[in-house]
Amino acid sequence: MPRIVVIATGGTIATTTGGDGVKRPARSGAELAAVVDPELLGEVDLDTVDLMSVDSSALLPADWDRIAEAVTGAAGGRADGIVVTHGTDSMEETALWLDLTLDVAVPVVLTGAQRSADDPEPDGPANLADAIGLAAEPAVADRGVLVCLGGEVLAAHGLHKVGPVAPSGFAGAPAADRPRLSVGRVSAAAAPRVDIVAAYPGADGAALSGCVAAGARGIVLEAMGSGNAGPDVVAAVARHCAAGVSVAVSTRVPFCAVGTDYGPGSALVDAGAVMAQRLRPPQARVLLMATLAAGRDVPATFARWG
């Protein structure tokens, strides 16, 4: 039987409702596995690891390192596949960081839930069963980190949460369509600071300058439309790029690609920014963090993977 290790980190899949009516992670990995239908689970040798129990909105980059270390340890302990249970709020960030930095030869699958464990109709057990089944398939090991939710299997790269409009709660590329991603093993905790700054009508350069003053070595600009921003923001981008800060441009518009078709977008590139043509701001930030941490060329990396 394939040996599958489930690494539990919390999230909605593990939440129950307290006496105050608030949902908080409470179930262990063993408790999550115990309610999975044995017929769905199949023939596997299952181990669980309780790594943390948090809402994923509270995760820090250092926690990505903890998850990566747990995955690497499980793979080194002869696991045939690894499942990470995780909250959906920041699953897209964790999934991409792991995809960029892990070097393991077994399938790695993230899963979670949109409904809590004590919901009358929880989706967590079926999602966990699907993820375990997927992690038990050796053939998926070369597809990078996968996300399995709501009967869908998606690549880490390009993943973004869209809520109940999709069965999984996420949109993204099918797993077979993923590019090959790797920057090597780097520490998220030690990565340069990268912040996300929103562009909006009337925005000036104050937020950009504030982030740089706080130590940011990279900025993701959540631009308008197809990668546009006002002249004051463009001027601030030019100043900070000239000073060595890396700026990547994404957009606040779901499913919209960015580019230089319009004047402001062209001006941002002329100012020194790079376009994140495929990634939403949260994942553009992760890619920029990893790129800077690995000492890779930012324009070349974003041209290939952004």
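Note that the structure is a prediction, hence the values are computed from the model and not measured.

Each value, and the rule that gives it
Residues numbered from 1 in each chain as written. Predicted model: local features only at pLDDT ≥ 70, side-chain atom pairs only at ≥ 80, totals over all residues. Heavy atoms only, no water. Helix = DSSP H or I, 4+ residues; strand = E, 2+ residues; numbered from the N terminus. Rg over C-alpha atoms; globule rule 2.2 N^0.38 Å. Contact = heavy atoms within 4.5 Å. Areas by Shrake-Rupley, 256 points an atom, 1.4 Å probe, with all protein chains shown as cover. Lys, Arg positive; Asp, Glu negative; His and termini not counted. Charge placed at Lys NZ, Arg CZ, Asp CG, Glu CD. Polar contact = N/O pair within 3.5 Å; in protein donor to acceptor, adjacent residues only side chain to side chain. Domains from an automatic or database assignment. Buried area = accessible area lost by both parts, 1.4 Å probe. Salt bridge = Lys/Arg side-chain N within 4 Å of Asp/Glu carboxyl O. Expected span 1.5 Å × (residues − 1). Buried < 20%, exposed > 50% of the residue type's maximum accessible area, 1.4 Å probe, protein only. Pairing = 2+ DSSP bridges. Right-handed = clockwise from strand over helix to strand, strands pointing away. Core = buried A, V, L, I, M, F, W, Y, C linked by side-chain atoms within 4.5 Å. Axes fitted to C-alpha atoms, helices over the stretch in contact; angles between N-to-C directions. UniProt positions renumbered as here; feature names shortened; annotations may be inferred.

1. A few points about the overall build of the chain
At step 1: A tally of helices and strands in the chain yields 10 helices and 14 strands.
At step 2: Relative to a compact globule of 306 residues, whose C-alpha radius of gyration would be 19 Å, the chain shows 20 Å and is just as compact.
At step 3: Overall, the C-alpha framework of the chain stretches about 60 × 45 × 30 Å when taken along its three principal axes.
At step 4: Intrachain contacts of the chain at a sequence separation of at least 6 include 72% that bridge at least 24 residues.
At step 5: Carbon and sulfur atoms make up 52% of the accessible area of the chain, which amounts to about 12,600 Å² in all.
At step 6: Looking at charge distribution, the chain has the averaged site of its 21 positive side-chain charges lying 6 Å from that of its 34 negative ones.

2. Considering the environment of glutamine 283
At step 1: Inspection of the secondary structure puts glutamine 283 in helix H9 (residues 281-294).
At step 2: Taking the C-alpha atoms as reference points, glutamine 283 and alanine 156, separated by 127 residues in sequence, lie 9.5 Å from one another.
At step 3: If sequence neighbours within four positions are ignored, glutamine 283 has contacts with Glu92, Leu96, Ala156, His157, Gly158 and Leu159.
At step 4: From its side chain, glutamine 283 meets the backbone oxygen of alanine 156 in a polar contact 2.8 Å long.

3. Thoughts on the domain arrangement of the chain
At step 1: Annotation of the chain at the domain level lists domain 1 (3-171) and domain 2 (194-305).
At step 2: On a C-alpha basis, the centres of domain 1 and domain 2 stand 30 Å from each other.
At step 3: Listed by partner, the interface residues are 14 residues for domain 1 and 12 residues for domain 2.
At step 4: The junction of domain 1 with domain 2 conceals about 1,100 Å² of combined surface from both sides, 75% of it contributed by carbon and sulfur atoms.
At step 5: If you sort the residues of domain 1 by the area they bury against domain 2, Leu100, His157 and His160 come out on top, with a joint share of 36%.
At step 6: Linking domain 1 with domain 2 are zero salt bridges, by the criterion used here.
At step 7: At the boundary of domain 1 with domain 2, the tally comes to five residue pairs in polar contact (both at pLDDT 80 or more).

4. Structural notes on H9
At step 1: Relative to the 20 Å expected for 14 residues at 1.5 Å per residue, H9 spans 20 Å between its end C-alpha atoms, a close match to the ideal helical length.
At step 2: Those residues of H9 that sit buried are Pro281, Gln283, Ala284, Val286, Leu287, Leu288, Met289, Ala290 and Thr291.
At step 3: Those residues of H9 hidden inside the fold are in contact with helix H3 (61-76), helix H4 (91-101), strand S11 (194-198), strand S12 (218-223), strand S13 (246-251) and helix H10 (298-305).

5. Things to note about the pairing of S13
Put simply, side chains in a regular strand alternate between the two faces of the sheet.
At step 1: By the criterion of burial, S13 is predominantly enclosed, with six of the six residues buried.
At step 2: With burial as the criterion, each face of S13 is covered, one bearing Ser246, Ala248 and Ser250 and the other bearing Val247, Val249 and Thr251.
At step 3: As judged from the six bridges shared by S12 and S13, these two strands associate in the parallel manner. For glycine 218, the partnering residue across the bridge sits in S13 and is serine 246.
At step 4: Between the parallel pair S12 and S13, the chain is carried across by helix H7 (residues 231-242), and the sense of this crossover is right-handed.
At step 5: Taken together, the two bridges between S13 and strand S14 (residues 274-275) define a ladder with parallel strand orientation.

6. Topic: the nonpolar core
Nonpolar side chains tend toward joint burial in soluble globular proteins.
At step 1: Formed by 27 residues in total, the largest nonpolar core has its most connected members in Ile7, Val71, Ile82, Leu110 and Val145.
At step 2: Secondary-structure elements contributing two or more residues to this core are strand S1 (3-10), strand S4 (45-54), H3, strand S5 (81-85), H4, strand S6 (108-111) and strand S7 (146-149).
At step 3: Per-element tally for this core: the top contributor is H3, with five residues.
At step 4: Ignoring sequence-local partners within four residues, the contact set of valine 145 consists of Ala95, Leu98, Asp99, Leu102, Val108, Leu110, Ala155 and Ala156.

7. Some thoughts on the sheet that holds S12
At step 1: Read across the sheet, four strands follow the order S11-S12-S13-S14 without closing on themselves; strand pairing throughout is parallel. Every interior strand has two partners, whereas the edge strands, S11 and S14, have only one.
At step 2: H9 rests against S11, S12 and S13 of the sheet, and its axis sits at about 160 degrees to S12.

8. Let's talk about the UniProt feature "domain: Asparaginase/glutaminase C-terminal" (unreviewed entry) in the chain
At step 1: When the UniProt feature table is mapped onto this chain, "domain: Asparaginase/glutaminase C-terminal" (unreviewed entry) is found at residues 193-298.
At step 2: As annotated, residues 193-298 comprises 41% helix and 18% strand, and the C-alpha atoms at either end are separated by 15 Å.

9. A look at the sheet that holds S1
At step 1: Taken together, the six strands give an open sheet; going across it, the order is S4-S1-S5-S6-S7-S8, and neighbouring strands pair in mixed fashion. Strands with a single pairing partner mark the edges of an open sheet, and in this sheet they are S4 and strand S8 (152-155). Neighbour to neighbour, the strand axes of the sheet diverge by 25 degrees on average, direction disregarded.
At step 2: On top of the sheet, helix H5 (residues 124-135) reaches S1, S4, S5, S6, S7 and S8; it is set at about 155 degrees to S5, its chief contact.

10. Some points on H4
At step 1: Here H4 lies mainly inside the structure; 11 of its 11 residues are buried.
At step 2: By the burial criterion, the buried members of H4 are Met91, Glu92, Glu93, Thr94, Ala95, Leu96, Trp97, Leu98, Asp99, Leu100 and Thr101.

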